[in-house]
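# Observations on the three-dimensional arrangement
One letter stands for each residue in the lines below.
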Amino acid sequence: MKDIMTAPFLIDMIRTTTNMYNHGWDERNGGNISVLLDEGDVSAYLDTNTVLRTIPTGFSAPELDGKYFLVTGTGKYFKNAQYDPENNLGIVRLKDGGETAELLWGYKDGGRFTSEFPAHMMSHVARLKVDSENRVVMHCHPANLLAMTFVHMLDEREFTRTLWQMCTECIVVFPDGVNVLPWMLCGTNEIGEATAEKMKTARLVVWSLHGIYGAGRDLDETFGLIETAEKAAEIYMKIAHLPRINTITDSMMHELEERFGVKAREGYLD
Ligand code: 2HA
Ligand code: ZN
């Protein structure tokens, strides 16, 4: 059995939580991440027959039965994951159609996975239907995206178009656009179901007045997705109150589609 502290999936997770904290996206206990792991990767580091505890999830997700996830802990601070991974992170396997999580490693002080576990697991189900390689769901509170939801209309097409107009590469990085939920109570199955529904058509889902969810094939890609949207929102917040005399036009965006082989979300460009 190899030492789990050397597992690439754990190292990658620790680097990502640290990086996100350093970006200011995860104040205090803000934000959460879940990563779908292969059984083979887990069993190289852990005896998968040794279950430390079982934790009820409060929802069902039969599609994820038997699947393994590395998940940030509830109430835990991203900045601390690097110093005490076994307390701040955990590895669980879902069973009973997703209604139970078997803890295999972590949450050492008796803790449990993030309060946003429903939104994470339901989003995994939704994204896996669109992309069988999707492994990561990431939530955080980037200041500019959040700020934008206070001053920009929440219409998804308009919100997406504004972000695309802020940096040339936005349409290349997220041609599927950004879906937007109104303010909803966080930590509930209801916001989980609503997020998963939005995840069917885009890898980015804004939670108005709260933060953002991203999904992707690995931590780097998912981080990059949020990073790009947040950069665009930052530019928007710098210019929104100023007269705009130049912009990235729809015809420029059609050129970008052509050059980079991407297709903008249907009906989002004129
Ligand atoms: O506390 O970000 O949405 C973690 C969160 C809840
Ligand atoms: Zn949050």
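Summary of the structure given here. (Residues numbered from 1 in each chain as written. Chains lettered and ligands numbered in written order. Predicted model: local features only at pLDDT ≥ 70, side-chain atom pairs only at ≥ 80, totals over all residues. Heavy atoms only, no water.)

Moving on to the nonpolar core. Within the largest apolar cluster, 54 residues are counted, with the highest numbers of intra-cluster contacts made by Leu70 and Ile91. If you tally residues by element for this core, the top one is helix 9 (residues 219-239), at eight residues. Each residue touching Leu70, except ones within four places of it in the same chain, is listed here: Phe9, Leu10, Met13, Ile33, Ser34, Val35, Leu37, Leu89, Gly90, Ile91 and Trp105. Judged by nonpolar contacts, the second largest core, of 29 residues, contains Phe113, Met122, Val205 and Trp207. (Core = buried A, V, L, I, M, F, W, Y, C linked by side-chain atoms within 4.5 Å. Buried < 20%, exposed > 50% of the residue type's maximum accessible area, 1.4 Å probe, protein only. Helix = DSSP H or I, 4+ residues; strand = E, 2+ residues; numbered from the N terminus. Contact = heavy atoms within 4.5 Å.)

A contiguous nonpolar patch, built from Phe150, Val151, Trp183, Leu185 and Leu209 and spanning about 560 Å² of accessible area, is present on the exposed surface. Mapped onto the elements of the fold, Leu185 is located in the loop between strand 7 (178-181) and helix 8 (189-199). (Patch = residues over 30% accessible without salt bridge, like charges linked within 9 Å, V, L, I, M, F, W, Y side chains within 5 Å. Areas by Shrake-Rupley, 256 points an atom, 1.4 Å probe, with all protein chains shown as cover. Salt bridge = Lys/Arg side-chain N within 4 Å of Asp/Glu carboxyl O.)

This brings us to unusual backbone geometry. We note that Arg28 has phi near 45 degrees; this positive angle belongs to a residue other than glycine. Note on placement: Arg28 falls in the loop between helix 1 (8-22) and strand 1 (32-37). Take Arg28: its relative accessible area is 55%, and that puts it in the exposed class. If you check the backbone angles, Leu209 has positive phi at about 60 degrees while not being a glycine. On the secondary structure map, Leu209 appears in the loop between strand 8 (204-207) and strand 9 (211-216).

Side chains of strand 7 alternate between two faces, with Val178 and Val180 and Asn179 and Leu181 buried alike. Summarising the sheet, strand 7 and strand 8 pair through four bridges and their orientation is parallel. Across the sheet, Asn179 pairs through a bridge with Val205, a residue of strand 8. What joins strand 7 to strand 8 is helix 8, and the crossover it makes is right-handed. (Pairing = 2+ DSSP bridges. Right-handed = clockwise from strand over helix to strand, strands pointing away.)

A separate point is the coordination of the zinc ion (ligand 2). Angles between donor atoms at a metal ideally measure 109.5 degrees for a four-coordinate tetrahedral arrangement and either 90 or 180 degrees for a six-coordinate octahedral one. Surrounding the zinc ion (ligand 2) are the protein donor atoms His139 (NE2), His141 (NE2) and His210 (NE2), which sit 2.0 to 2.1 Å from the metal. Ordering the donors of the zinc ion (ligand 2) by residue number gives the pattern H-x1-H-x68-H. With His139 in strand 6 (residues 136-140) and His210 in the loop between strand 8 and strand 9, the pair connects residues that are 71 residues apart, well separated along the chain. (Donors = N, O, S within 2.8 Å, 3.2 Å for Na, K, Ca; no water.)

This paragraph deals with the site of ligand 1. Lining the immediate environment of ligand 1, one finds Asn29, Gly30, Gly31, Asn32, Glu116, His139, His141 and His210. Separating an oxygen atom of ligand 1 from a backbone N or O atom of Gly31 is a distance of 2.9 Å. Notes on ligand 1: free accessible area 220 Å², of which the protein chains cover 86%. The residue makeup of the shell around ligand 1, split by class, is no nonpolar, seven polar and one charged. (Near = heavy atom within 4 Å. Polar contact = N/O pair within 3.5 Å; in protein donor to acceptor, adjacent residues only side chain to side chain. Nonpolar A, V, L, I, M, F, W, Y, C, P; charged D, E, K, R; others polar.)

This part is about helix 4 (residues 117-130). The terminal C-alpha atoms of helix 4, which comprises 14 residues, lie 20 Å apart, in line with the 20 Å expected from a rise of 1.5 Å per residue. Of all 14 residues that make up helix 4, eleven are buried, and the element is covered over most of its length. (Expected span 1.5 Å × (residues − 1).)

It is worth spelling out the packing of helix 6 (residues 156-166) against helix 9 at this point. One can describe the packing of helix 6 onto helix 9 by two numbers: an axis separation of 8 Å at closest approach and a directional angle of 90 degrees. With respect to each other, helix 6 and helix 9 are oriented roughly perpendicular. Here Thr162, Leu163 and Met166 of helix 6 lie close against helix 9, whose contacting residues are Ala229, Ala232, Ala233, Ile235, Tyr236 and Ile239. Its residues assigned to classes, the contact of helix 6 with helix 9 comprises eight nonpolar, one polar and no charged. (Axes fitted to C-alpha atoms, helices over the stretch in contact; angles between N-to-C directions. Parallel < 35°, antiparallel > 145°, perpendicular 65-115°, else oblique.)

The gaps left among the atoms become clear once a water-sized probe is rolled over them. The computed volume of the largest pocket comes to approximately 160 Å³. Taken together, Ser60, Ala61, Pro62, Glu63, Met122, Val125, Ala126, Lys129, Glu193, Ala196, Glu197 and Lys200 make up the lining of the largest pocket. For the lining of the largest pocket, the secondary-structure elements that each account for two or more residues are helix 4 and helix 8. Take the lining of the largest pocket: its biggest share by element is four residues, from helix 4. (1 Å grid on protein atoms, 1.4 Å probe; cavity = no way out; pocket = protein on both sides within 12 Å on 5 of 7 lines; lining within 4 Å. Points joined across faces, edges and corners; volume = space filled by probe spheres on them.)

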